[in-house]
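Breakdown of the fold
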Amino acid sequence: MGKHKHSNKQQTQTTTRFTTSPLFILPFVLMTLIYPFLAQYNSVQNPLLDNPTYYQTEFLSDIFLCVKAEFLLFITICILCLFGWYIVKNRPAQRPILNEYKPFIALGIYAFFIILSTIFAQNQNLALNGMIGIFENVWVLLSYLILCIFGYWYTKTTERKSALIYLLLAGTLIMGIIFLFQFLGEDPFVAMFASKNATVAVSGVYGGFFNPNYLGSYVNLILPLLVVLCVAFRKTTKLAVAFGVATVLTVLGLLGSKTTGGIIALTFVGCFTILFFIFKKLHLTPVKFFISLGVLILSAIIGITAFLNQTIQNNSSLTDPLTAIYTCDDNLEIHFANKVYYLSTDYDETNFAVTLVNENGDVIPSTVENGGYLCGFLGIRPYIFPEMDNLIAFELTYRTTSWMFTNDYGDGSYYYITPSGGFTKTTPTNTTSGTLFAKLPTLLSGRGYIWSQSIPMLADTLFLGYGPDNYAEQFPNHDFVGLMHGGFTNTFISKPHNMYLQMAIQTGLPSLLAFLVFYLIYFVKSVQIYLTSELKNRQELIGFGIFLGTLGYLIVGLINDSSITVAPFFWLLLGIGYAMNQINRHETTFV
């Protein structure tokens, strides 16, 4: 037994000496000091050119995401090369103990379903190359997992752990300075691309995260750790001040971004932290903490659901009487106020006539007004597209929203003309019409509608998903009435605005369960360690800060998607967090 302990100790010392090579810190340098700030104008081939609801141009521009996807793959290749070098240089007895990696079996299952969903993807081009505005293809998703493993392995085996803290500080300070400039109205990215005649289609405070919502995800991930680091280094004046400045600038970025979701998620993290320290002060066991937390979460869900249901009952105007418009062979089928109407048009070179009848065949009177027709609750105006060989169409107006239709497109049946100029049929969708989300389509800036359309997709992805980055093609973007209800008129929906739905739909429900198991193991171990520890030394505080940060990221993931701008940092910190738990459990010196 004594010989076995000596062998393990010798193995750790040999491994540690090997990973002190500066080359092993390179991926962290690239991730913290270069990756977040990458921006490059790229003209990318449109992957959905044959989708009539999407842009009908062959090439689309990208500034923040494509370059990050390519650079992330470069970092991943560097990591794989370092792993290969390590394996070659170390004898089998000196390689990592596989027992320590048991929780990572869940990541292996996640990776398996990512690959399997790619092989059987609905659109393999999207799965392999990524969707414009997202670029989380199969290679990027697998890169996340490799980053997680590398973060764990490096933190466990190197003596240069303190370098990670300084890199984090440098990266957050640089990002904080960008936040400050954007807050003052001087966006460095706009200035960078102004000379290249390229337009940055984002305004306000967003860092380099492409969207203010993703800045909210970044802040929830980083801010708890920065606050804890201020405490951990409070006796080292210069570092404490530096972390304090980084914290203030990060908060400024969150406030300037005006992302409500990020602020709400951070509030939940704050409440969790207070609850945690109350239990810690009372010296209660982790089991009691888990039970209490579960009761509180369940109570919150019941309370929020009851409040939203009461809101629906007290405000009938939340439900729009226009529920659907379908394009049929001979007419438009219009569902309004629980009744069905049929609209047909007739025209020749000089005349245009409209007929609207109800389900009983009764004609709804119409009047001519401003060159068009007013038929009950609808306005109809003829329209000609000169650029489409004088295609005859008509504009249908409901309240303040208008759509274009035609029955002059080849076969004589009715088509919806999309905002991008495509032609498509509109058919019933599998919306969860009776659910809370469908009754509150504008909930959380339209997420109610998106979720009401996304949840039914899960019936098709119980085992395999549609494929990485395939959500956009599967979402019913032809449902223009539903899009109007959600506040997305003339908008193409490409993301579910929920990280968990995103996983389950694209890579399958088992992949989501594997991810949740992996994090749940980390969550339980973290509570067990930090609820019973004194949280006085730096290594415990750093581990606790990473725990709170990853928790915040997952909370904001309820209303945000996974994004290539932020997700790599989550996975890297999660791997480091796993390692910190083992270090704190064995009381190994960190810094």
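Throughout what follows, the structure given in this document is the object of discussion.

This part is about the nonpolar core. Grouped together as the largest cluster of nonpolar side chains are 132 residues, with contacts concentrated most on Phe28, Tyr35, Phe272, Phe289, Phe547, Trp571 and Leu574. Here this core takes 13 residues from helix α6 (residues 138-157), the largest share from any one element. With residues near it in sequence (within four places) discarded, Phe28 still touches Phe150, Gly151, Tyr154, Leu164, Leu167, Leu572 and Ile576.

Taken together, seven strands build an open sheet; the order of strands is β7-β8-β9-β10-β11-β12-β13 and the sheet is antiparallel. Here the strands that pair on one side only, and so sit at the sheet edges, are β7 (366-369) and β13 (423-424). Bridge count between strand β9 (residues 378-385) and strand β10 (residues 391-398): seven bridges; the pairing is antiparallel. Following the sheet pairing, Arg381 is matched in β10 by Glu395.

Phi is positive for Asp389, which is not a glycine, with a value near 55°. Turning to its location among the elements, Asp389 is positioned in the loop between β9 and β10. Looking at Asp389, the relative accessible area reads 73%, which means it is exposed. The phi angle at Asn490 is positive, at roughly 60°, despite the residue not being glycine. Tracing the backbone shows Asn490 in the loop between α16 (480-486) and α17 (499-507).

A word on the packing of helix α7 (residues 161-183) against helix α9 (residues 212-232). One can describe the packing of α7 onto α9 by two numbers: an axis separation of 12 Å at closest approach and a directional angle of 130°. Accordingly, the angle class assigned to the pair α7 and α9 is oblique. For α7 against α9, the interelement crossing comes out left-handed. Packed against α7, whose contacting residues are Ile165, Leu168, Thr172, Met175 and Phe179, the element α9 presents Leu215, Tyr218, Ile222, Leu225, Leu226 and Leu229 at the interface. Across the contact of α7 with α9, the residue classes tally to ten nonpolar, one polar and no charged.

Right, let's talk about the sheet that holds strand β6 (residues 352-358) for a bit. Strands belonging to one sheet form pairs held by backbone hydrogen bonds; the direction of such a pair is parallel or antiparallel. Taken in spatial order, the four strands make up an open sheet running β3-β4-β5-β6, and their pairing is antiparallel. One side of each edge strand has no neighbouring strand; the edge strands of this open sheet are β3 (322-327) and β6. Here the average twist between neighbouring strands, direction ignored, is 20°. Direction of pairing for strand β5 (residues 339-347) relative to β6: antiparallel, over a ladder of seven bridges. Across the sheet, the residue bridging to Ser344 is Thr355, located in β6.

Two numbers describe how helix α2 (residues 26-33) lies on α7: the axes approach to 9 Å, and their chain directions differ by 20°. As summarised for this structure, α2 and α7 are arranged roughly parallel, according to the angle between their axes. You can see that α2 and α7 cross each other, and the crossing is right-handed. Where α2 abuts α7, its residues Phe28, Val29, Thr32 and Leu33 lie against Leu164, Leu167, Ala170, Gly171 and Ile174. A breakdown of the residues in the contact of α2 with α7 according to their chemical character gives seven nonpolar, two polar and no charged.

Analysis parameters
Residues numbered from 1 in each chain as written. Predicted model: local features only at pLDDT ≥ 70, side-chain atom pairs only at ≥ 80, totals over all residues. Heavy atoms only, no water. Core = buried A, V, L, I, M, F, W, Y, C linked by side-chain atoms within 4.5 Å. Buried < 20%, exposed > 50% of the residue type's maximum accessible area, 1.4 Å probe, protein only. Helix = DSSP H or I, 4+ residues; strand = E, 2+ residues; numbered from the N terminus. Contact = heavy atoms within 4.5 Å. Pairing = 2+ DSSP bridges. Axes fitted to C-alpha atoms, helices over the stretch in contact; angles between N-to-C directions. Parallel < 35°, antiparallel > 145°, perpendicular 65-115°, else oblique. Left-handed = near helix turned anticlockwise from the far one by under 90°. Nonpolar A, V, L, I, M, F, W, Y, C, P; charged D, E, K, R; others polar.

That's the geometry; what it means functionally is another story.
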